[in-house]
Amino acid sequence: LAKTTQPISMDSYEGQEVNITCSHNNIATNDYITWYQQFPSQGPRFIIQGYKTKVTNEVASLFIPADRKSSTLSLPRVSLSDTAVYYCLVGSGNTPLVFGKGTRLSVIA
Amino acid sequence: KAGVTQTPRYLIKTRGQQVTLSCSPISGHRSVSWYQQTPGQGLQFLFEYFSETQRNKGNFPGRFSGRQFSNSRSEMNVSTLELGDSALYLCASRLRDSTTYEQYFGPGTRLTVT
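Since we're looking at a predicted model, the values are computed, not measured. (Residues numbered from 1 in each chain as written. Chains lettered and ligands numbered in written order. Predicted model: local features only at pLDDT ≥ 70, side-chain atom pairs only at ≥ 80, totals over all residues. Heavy atoms only, no water.)

A look at the overall build of chain A
Here comes step 1: Within chain A one finds zero helices and nine strands.
Here comes step 2: Reading chain A from its N end, one meets helices and strands in the order β-β-β-β-β-β-β-β-β.
Here comes step 3: The C-alpha radius of gyration of chain A comes to 13 Å, within 12% of the 13 Å expected for a compact globule of 109 residues.
Here comes step 4: If you line up chain A on its principal axes, its C-alpha atoms span 40 × 30 × 20 Å. (Helix = DSSP H or I, 4+ residues; strand = E, 2+ residues; numbered from the N terminus. Rg over C-alpha atoms; globule rule 2.2 N^0.38 Å.)

Some details on the nonpolar core
Here comes step 1: One finds Trp34, Leu46, Phe64, Met76 and Tyr89 of chain B to be the most contacted residues of the largest nonpolar core, which totals 21 residues.
Here comes step 2: Formed by 20 residues, the second largest nonpolar core is a distinct cluster that contains Ile33, Ala60, Ile64 and Leu75 of chain A. (Core = buried A, V, L, I, M, F, W, Y, C linked by side-chain atoms within 4.5 Å. Buried < 20%, exposed > 50% of the residue type's maximum accessible area, 1.4 Å probe, protein only.)

With respect to the pattern of salt bridges
Residue and element names in this part refer to chain B.
Here comes step 1: The final tally for this structure, using the stated rule, is five salt bridges over all chains.
Here comes step 2: A salt bridge links Arg94 to Glu48; the shortest N-O distance between them is 3.3 Å. Placement of the pair is Arg94 in strand β9 (residues 87-94) and Glu48 in strand β5 (residues 42-50), with a sequence separation of 46 residues. Residues Arg94 and Glu48 agree in their burial class; the two are buried.
Here comes step 3: As a salt-bridge pair, Glu75 and Arg73 come within 3.4 Å of each other at their nearest N and O atoms.
Here comes step 4: Via salt bridges that share partners, Arg63, Glu82 and Asp85 belong to a single interconnected network. (Salt bridge = Lys/Arg side-chain N within 4 Å of Asp/Glu carboxyl O.)

Listed below in structure tokens is the structure:
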């Protein structure tokens, strides 16, 4: 299973764009990159998934360079309710989801 | 479409007892995974079941076991409870095909061992 490395914590002001970068140097050819969000005492919630280039949905964008050794989750104009832990995972559909420590994002008013 | 449900939501047990937790996946999802979350260790993968067979297993002692029924519902059992088993136990379901890694989590069962 590819390991991921992401910052332990980040702070941001409301209304700013937040970019969280994840490193996954050993990503396999058939691995996808997935991001989850977790609020205290709740299960993680799927945010976005991508294989290469850029993926965008109503919540976030995911940027993946050509070598796929890293990825960046972009949250546009964050609000206080975006304060959460964000997890980056890599793997294929047949492997278990293994979570790291994640990035604790704190949004400040 | 109903989400993943877990019962019970809260549980208090005494050391040495055993406990069984239940999880009902989203309709049509045949894969169910279980996780343990504690403040110190974070989210740790316990095991995954697919079509009633355990497909993957995390690094937990044999006191932790599970099973999946033909309707994809799953149960997790912890025997001889220890204080360190106090945690939030999360269940998640997914379609489990080769192109998606999207998994849906339930609200969890908060287990307290005294």
